[in-house]
Amino acid sequence: LVKKYINHIKPLFCYAFYICSVCYTISITLCVKSLTIVIIILIATSNHCYICPIYDIIHINLHIRHIIRRNILNYAEIKYNDIANGPGVRTSIFVSGCTHHCKGCFNEIAWDFNYGTPFTDATISDIINSMKPDYIAGLTLLGGEPFEPANQRGLIPLLKAVKENYPAKDIWCFTGYLFDEDIMDKMYDKYPETREMLSYIDVCVDGRFVEELKDMMLKFKGSSNQRTILVQQSLKEGTVITAEEYQ
């Protein structure tokens, strides 16, 4: 009797198992499709000007170190009334993120792209307001590395606002990249942000810090290999033109 009963209910169990399997497969398929649609919408509505993954800037230093979303910028510090990083009294911003990792760097903590405070519209307003007094000569960009591709786009609104509000005040930028070999030859045509960023910068101090060439007597430079470059004149002439008074 028991065997007969089992033989009757066995097909029911098989049918129930089949129904559950089908339902499970359908639910997984729907989840995958929904996730795919969400990803497509995120990519389509992002601010990217290229067809690329959401995370599209990968910094590699012997191994993958960072995956950073474009447009996200952090800064390590803002110095108001700064007299150490360019002529006169200035506002200086130290952005986060640098792949140079120079031996003896004075600001190693800012190598990390995730270090510090998010750079927002409120940050731009604070900097613009800090530059209102006539005695403020200009803005200085340091780091970290302002010319890291991951940082360039985030800085452009600030540079544009400075030039619109204070056209007579200058913008200095300290970079570990070489102006001619790295920025002009490699970045200028590759990144539209580089071209726009350079259009706002007046003076660029270029080159990595080399501890063996450190010289405390240099003006606004850490080591003797670095150059103080007049950016707009250099762009116009198509060659590096240095500011003799700071050599």
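Scroll up for the structure.
Rules and cut-offs
Residues numbered from 1 in each chain as written. Predicted model: local features only at pLDDT ≥ 70, side-chain atom pairs only at ≥ 80, totals over all residues. Heavy atoms only, no water. Axes fitted to C-alpha atoms, helices over the stretch in contact; angles between N-to-C directions. Helix = DSSP H or I, 4+ residues; strand = E, 2+ residues; numbered from the N terminus. Parallel < 35°, antiparallel > 145°, perpendicular 65-115°, else oblique. Left-handed = near helix turned anticlockwise from the far one by under 90°. Contact = heavy atoms within 4.5 Å. Nonpolar A, V, L, I, M, F, W, Y, C, P; charged D, E, K, R; others polar. Buried < 20%, exposed > 50% of the residue type's maximum accessible area, 1.4 Å probe, protein only. Pairing = 2+ DSSP bridges. Salt bridge = Lys/Arg side-chain N within 4 Å of Asp/Glu carboxyl O.

1. Looking at the packing of helix α3 (residues 149-165) against helix α5 (residues 192-200)
Thought 1: One can describe the packing of α3 onto α5 by two numbers: an axis separation of 9 Å at closest approach and a directional angle of 30°. Comparing the axis directions of α3 and α5 gives the class roughly parallel. For α3 against α5, the interelement crossing comes out left-handed. Contact residues: Gln152, Arg153, Leu155, Ile156, Leu159, Lys160 and Lys163 in α3; Glu193, Thr194, Glu196, Met197 and Tyr200 in α5.
Thought 2: Tallied by class, residues from the contact of α3 with α5 come to five nonpolar, two polar and five charged.

2. Quick word on the pairing of strand β6 (residues 136-142)
Thought 1: The element β6 is extensively covered by neighbouring structure, given that six of its seven residues are classed as buried.
Thought 2: The pairing of strand β4 (residues 89-95) with β6 spans six bridges and is classified as parallel. Residue Ile93 lies in a different strand from β6, and its bridge partner there is Leu141.

3. A word on the pattern of salt bridges
Thought 1: Evaluation of the coordinates by the stated rule reveals eight salt bridges.
Thought 2: For Asp202, the salt bridge identified is with Lys163, shortest N-O distance 2.7 Å. Note that Asp202 is positioned in the loop between α5 and β8 (203-206) and Lys163 in helix α3, a separation of 39 residues in sequence.
Thought 3: On the basis of relative accessibility, which here comes to 22%, the residue Asp202 falls in the partly exposed class.
Thought 4: For Lys163, a relative accessible area of 19% corresponds to the buried category.
Thought 5: A salt bridge links Arg227 to Asp180; the nearest nitrogen and oxygen atoms lie 3.1 Å apart.

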